[in-house]
Amino acid sequence: MAKELIRLSGCNVAFDGDIILDNINLCVKDKEFLTLLGPSGCGKTTTLRIIGGFLKPDSGDVYFDKVRINDVPPHKRLVNTIFQKYALFTHLNVFENVAFGLRLARTQNKKIDKHEISRRVFEMLDLVSLKGFEKRDVASLSGGQQQRVAIARALVNKPKVLLLDEPLGALDMRLRKDMQNELKQIRQAMGITFIYVTHDQEEALAMSDSVVVMEGGVIQQVGTPEDIYNEPSNAFVADFIGESNIVDGIMRSDGVVEIFGRKFKCLDGGFDPLEPVDVVIRPEDIDIVSSGKGKLTGTVTGVTFRGVMYDIIVDFHGFKWLIQTTDLCPVGTEIGIQIDPDGIHIMKKSRFSGMYGDYSSYSAEYDDIGDAELEHETDDKDSITRNA
Ligand SMILES: Nc1ncnc2c1ncn2[C@@H]1O[C@H](COP(=O)(O)OP(=O)(O)OP(=O)(O)O)[C@@H](O)[C@H]1O
Ligand SMILES: [Mg+2]
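Residues numbered from 1 in each chain as written. Chains lettered and ligands numbered in written order. Predicted model: local features only at pLDDT ≥ 70, side-chain atom pairs only at ≥ 80, totals over all residues.

Caption draft 1: Main features of the overall build of the protein chain. The number of helices and strands found in the protein chain is nine helices and 20 strands. Its C-alpha atoms give the protein chain principal-axis dimensions of about 80 × 60 × 40 Å. The buried share of the protein chain, reckoned over its 388 residues, is 36%. Restricting the contact set of the protein chain to residue pairs at least 6 apart, pairs at least 24 apart contribute 68%. (Helix = DSSP H or I, 4+ residues; strand = E, 2+ residues; numbered from the N terminus. Buried ≥ 20, exposed ≤ 12 C-beta atoms within 10 Å, placed from the backbone. Contact = placed C-beta atoms within 7 Å.)

Laid out in C-alpha cells, this is it:
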C-alpha cells in the first residue's frame, strides 16, 4: 500500500498517575482507512487527541510525513477532527456551519474569496447529500443530517487526514449502516486518510483497511479485518471481534491440538511440545453430526432462531459452546460435532486466558438486548401514532 503518513513512536500518557496509553507504536499509511477499536476507556480518544495535537504525550514522538510534529499546534496540522460529541454551531445555519473553517482561514490571510467559499461549501453539501439544506437551522435537522453537516464542515478545508471519534454513535442502527457506506464513499471521493474510532466491532470490520484493537491503553493487535477475525492474537481480541468459543488446548505436535482429551487437526504449528494453548473455534465453523459420529458429544441447552440460522448453546463437559447452524436441534438433543482443521485457530496463552469464550450466560444476555430493542420500536410506533 501507500507510504507512511503518520507514525506514533513509543507514546505514553498518564493522568493522575494512571497509565492511560502504554507504549503506543502505530503507523498510518496515506489514504488508509484505519480504525481504533476497543472497549470504553481503553484510550481511543486519547490516541486521536495525540494525532490531532490536542494532547502531548508524556514521552514518545509523533511524526507526519516523517517530520516530528510533537510541538506543532492542532490548527497547523493537516488534520481535522470530528469529535465524539460533534458540536455544531446552533446559532449558524447549515451553510455558515460548513463555511466556518474557510472564513477562519480567510481571516488568517489565506486568499479565499466569497465565491470560492460559496463554491466549496456547495461542493461539500453535495458530497454529503445535503443540497438545498443550506439555509436550514441546524437545530431543525435530524441526527443523521446534523452528522452530515459535521462531516462537510470537517472536510471543507481539504485536510489530508480526518479523525472521526465515534461519529455515528448517536444514530440508530439503520441510519448507522447507511452512513457507514456513505463515509466509505466520501473517503474514496476525497482520496484522504481516515482515522476512525469506534467500539463497535462490526462497524470496524465493515469499514476499515486496518483495525487497531486496543485494551487498557495497550495495542493488542493491528491487522486487516480478515487478519483480526481469522487470526486473533489472544483471547481478548478473539472475544471482542465476533463470537468465539475459546477453550483450553494442548499442542500434541505441529498441526495437532488436544481439546477435552480428543485430538483435532489444525493448521497451526511452531509451539513447544505439549504447550498449553488457547483454542478459538468460531460458532459458524462447527459441523453438527449424529452423536455417535462426532469427535465430541454434547447436549443442546438453548436455541435461538436468528432468521438465517439458529444459535444453539451446547454443553460439553460443563463448558458451554455457541454453535451457529441451519439445522434445528431442539433443547435436550444430544449432538456430535466435527471441526475442519481451518476452523481451529491456536493462540499462545496470555493474561486474558480463561477470561472469555464460555457461553454459560449467553442466552440471558441476548434476552436483555432483545427486550431493549422491542421497547425502542414500540416507543417509535407510539410517537408516530401520536403525531399522526
Ligand atoms: N483529561 C483526563 N484526565 C484524567 N483522565 C482522563 C483524561 N482523559 C481521559 N482520561 C481517562 O483515560 C482513559 C481513556 O480515555 P479515552 O477517552 O481515551 O477512552 P476511549 O477509549 O475513547 O473510551 P470511550 O469509548 O468511552 O470514548 C479513561 O479512563 C479516562 O477516564
Ligand atoms: Mg472516546
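Having put the structure on the table, let's press on.
Caption draft 2: Quick look at the site of ligand 1. In the vicinity of ligand 1 lie 13 residues, with Phe 15, Ser 40, Lys 44, Thr 45 and Thr 46 positioned nearest. Looking at the shell around ligand 1 element by element, the count peaks at three residues for helix H1 (residues 44-52). In terms of residue class, the shell around ligand 1 is built from three nonpolar, eight polar and two charged. (Near = placed C-beta within 6 Å. Nonpolar A, V, L, I, M, F, W, Y, C, P; charged D, E, K, R; others polar.)

Caption draft 3: Spotlight on the packing of helix H4 (residues 143-155) against helix H5 (residues 173-190). For the pair H4 and H5, interaxial distance at closest approach is 12 Å and the crossing angle is 15°. Compared by their axis directions, H4 and H5 come out roughly parallel. Judged by the sense of rotation from one axis to the other, the crossing of H4 with H5 is right-handed. The segment H4 lies against H5, with Gly 144, Gln 147, Ile 151 and Leu 155 engaging Leu 175, Met 179, Ile 186 and Met 190. (Axes fitted to C-alpha atoms, helices over the stretch in contact; angles between N-to-C directions. Parallel < 35°, antiparallel > 145°, perpendicular 65-115°, else oblique. Left-handed = near helix turned anticlockwise from the far one by under 90°.)

Caption draft 4: Here's a closer look at the environment of Asp 137. By secondary structure assignment, the location of Asp 137 is in the loop between helix H3 (114-127) and H4. Judged by the 11 C-beta atoms lying within 10 Å of it, Asp 137 is exposed. Separated by 42 residues in the primary sequence, Asp 137 and Phe 95 have C-alpha atoms spaced 9.3 Å apart.

Caption draft 5: Region of interest: the sheet that holds strand S18 (residues 319-325). The antiparallel open sheet is built from five strands, whose spatial order is S15-S19-S16-S17-S18. Each edge of the open sheet is held by one strand with a lone partner, namely strand S15 (286-289) and S18. Adjacent strand axes in the sheet meet at a mean angle of 45° when their direction is disregarded. When strand S16 (residues 296-305) meets strand S19 (residues 334-339), the two strands line up antiparallel, connected through four bridges. Bridge assignment links Gly 298 to a residue of S19, and that residue is Ile 335. (Pairing = 2+ DSSP bridges.)

Caption draft 6: Summary view of the pairing of S18. Looking at chain direction, strand S17 (residues 310-316) and S18 are connected through seven bridges and run antiparallel. Looking at the pairing, Ile 313 lines up with Leu 322 of S18. The antiparallel pairing of S17 with S18 creates a hairpin that spans two residues between the two strands, and His 317 there sits at a positive phi of about 50°.

Caption draft 7: Quick look at the pairing of strand S9 (residues 210-215). Within S9, five of the six residues are buried, which leaves it mostly tucked inside the rest of the structure. Of the strand pairs in this sheet, strand S3 (residues 33-37) and S9 are connected by four bridges, and their pairing is parallel. Across the sheet, the residue bridging to Leu 36 is Val 212, located in S9. Relative to strand S10 (residues 218-223), S9 runs antiparallel, the two sharing five bridges. Opposite Val 211, over in S10, you have Gly 223 as the bridge partner.

Caption draft 8: Geometry of the sheet that holds S10. In space, the six strands of this open sheet follow the order S6-S7-S8-S3-S9-S10, with mixed pairing throughout. The open sheet has two edge strands with one neighbour each: strand S6 (79-82) and S10. Taking each pair of neighbouring strands and ignoring which way they run, the sheet shows an average axis angle of 15°. One ladder, built from five bridges, connects S3 with strand S8 (residues 193-198); its direction is parallel.

Caption draft 9: H3, seen in detail. The terminal C-alpha atoms of H3, which comprises 14 residues, lie 20 Å apart, in line with the 20 Å expected from a rise of 1.5 Å per residue. Among the residues making up H3, those that are buried are Arg 120, Val 121, Met 124 and Leu 125. Here the buried residues of H3 occupy an arc of 135° about the axis, which is enough to place them on one side. Within H3, the exposed residues directed more than 90 degrees away from the buried face are His 115, Glu 116, Arg 119 and Asp 126. (Expected span 1.5 Å × (residues − 1). Arc of directions from axis to C-beta.)

Caption draft 10: Structural view of the environment of Glu 32. Relative to the helices and strands, Glu 32 resides in the loop between strand S2 (18-29) and S3. Residue classification places Glu 32 among the buried positions, given that 22 C-beta atoms sit within 10 Å. For Glu 32 and Arg 187, which are 155 residues apart along the polypeptide, the C-alpha to C-alpha distance reads 9.4 Å.

Functional significance is not addressed by these values, which are geometric in nature.
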